[in-house]
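Report on the structure
Chain residues, written in single-letter form:
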Amino acid sequence: MDNNENKFQYTYSVNEQEELRRIREKYTAKEETKLDRLRRLDKSASNKAQSVAITVGIIGALILGMGMSLAMTDIGAVIGLAESLAMIVGIAVGFVGGALVALAHPIYRGVLKSERQKIAPEILRLTDELMK
């Protein structure tokens, strides 16, 4: 009697093989390829620019809202300002907030340009290596 006759063999379907591969990938250490590093560097420049622009935009929107509240409600009287003075101060604060909101996109472009200049040598080196 041959030993191979008593063995039970089972092969998984294609879908199960794919699921097994995905699960296995989660638990194996991945080495970063040059292309992965290139993608990560490229994305890092835009991520930083987005973070700065969103922060400036949110702060500007909050200041704008504060100015509008001061100009349009009785908050000025609560903090001890005359109604006409509260409106003038509210309008001025609102303009500052609006200016910050309007500057969010130019700030984004400036930070993006600056970050790209910082990582340009590494990006160019990696692309040269990958294109060979």
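As the structure is a prediction and not an experimental result, all values here were calculated from the model.

Looking at the overall build of the chain
Within the chain, the secondary structure is distributed over 4 helices and 0 strands. A globule of 132 residues ought to have a C-alpha radius of gyration of about 14 Å, yet the chain, at 29 Å, is considerably larger. Considering only C-alpha atoms, the chain reaches an extent of 105 × 40 × 20 Å along its principal axes. Counting across all 132 residues of the chain, residues that qualify as buried make up 18%. Taking as baseline every contact in the chain between residues at least 6 positions apart, the subset at least 24 positions apart corresponds to 77%. For the chain, the accessible area works out to roughly 10600 Å², and carbon and sulfur atoms hold 61% of it. When the 18 positive and 16 negative side-chain charges of the chain are each reduced to one mean point, those points stand 7 Å apart.

Some thoughts on the confidence of the model for the chain
Averaged over all residues, the pLDDT of the chain is 87; the fraction at 70 or higher stands at 92%. Predicted confidence in the chain is weakest over helix 3 (residues 75-78), with a mean pLDDT of 78, and strongest over helix 2 (residues 34-72), with 93.

So, helix 2
With 39 residues, helix 2 should reach 57 Å at 1.5 Å per residue; the first-to-last C-alpha distance of 57 Å fits that figure. Among the residues of helix 2, Leu38, Leu41, Ala45, Ser46, Ala49, Ala53, Val56, Gly57, Gly60, Gly67, Leu70 and Ala71 are the ones counted as buried. Where helix 2 is buried, its residues contact helix 3 and helix 4 (83-131).

Looking at the packing of helix 2 against helix 4
Taken N-terminus to C-terminus, the directions of helix 2 and helix 4 make an angle of 175°; their axes are 6 Å apart at the nearest point. Taken together, helix 2 and helix 4 sit at an angle that is classed as roughly antiparallel. The residue makeup of the contact of helix 2 with helix 4, split by class, is 33 nonpolar, 10 polar and 9 charged.

Observations concerning the nonpolar core
In this structure, Leu38, Leu41, Ala45, Ala49, Val111, Leu112, Ile119, Ile123 and Leu126 together form the largest nonpolar core, which totals 9 residues. Of all elements in the fold, only helix 2 and helix 4 reach the threshold of two or more residues within this core. The leading source of residues in this core is helix 4, at 5 residues.

Quick word on a nonpolar patch on the surface
Taken together, the side chains of Ile54, Ile58 and Leu62 define a hydrophobic patch exposed on the protein surface, amounting to about 320 Å² of accessible area. Positionally, Ile54 belongs in helix 2. The exposure class assigned to Ile54 is exposed, which follows from its relative accessible area of 53%.

What counts and how
- Residues numbered from 1 in each chain as written.
- Predicted model: local features only at pLDDT ≥ 70, side-chain atom pairs only at ≥ 80, totals over all residues.
- Heavy atoms only, no water.
- Helix = DSSP H or I, 4+ residues; strand = E, 2+ residues; numbered from the N terminus.
- Rg over C-alpha atoms; globule rule 2.2 N^0.38 Å.
- Buried < 20%, exposed > 50% of the residue type's maximum accessible area, 1.4 Å probe, protein only.
- Contact = heavy atoms within 4.5 Å.
- Areas by Shrake-Rupley, 256 points an atom, 1.4 Å probe, with all protein chains shown as cover.
- Lys, Arg positive; Asp, Glu negative; His and termini not counted.
- Charge placed at Lys NZ, Arg CZ, Asp CG, Glu CD.
- pLDDT = per-residue confidence, 0-100.
- Expected span 1.5 Å × (residues − 1).
- Axes fitted to C-alpha atoms, helices over the stretch in contact; angles between N-to-C directions.
- Parallel < 35°, antiparallel > 145°, perpendicular 65-115°, else oblique.
- Nonpolar A, V, L, I, M, F, W, Y, C, P; charged D, E, K, R; others polar.
- Core = buried A, V, L, I, M, F, W, Y, C linked by side-chain atoms within 4.5 Å.
- Patch = residues over 30% accessible without salt bridge, like charges linked within 9 Å, V, L, I, M, F, W, Y side chains within 5 Å.
- Salt bridge = Lys/Arg side-chain N within 4 Å of Asp/Glu carboxyl O.

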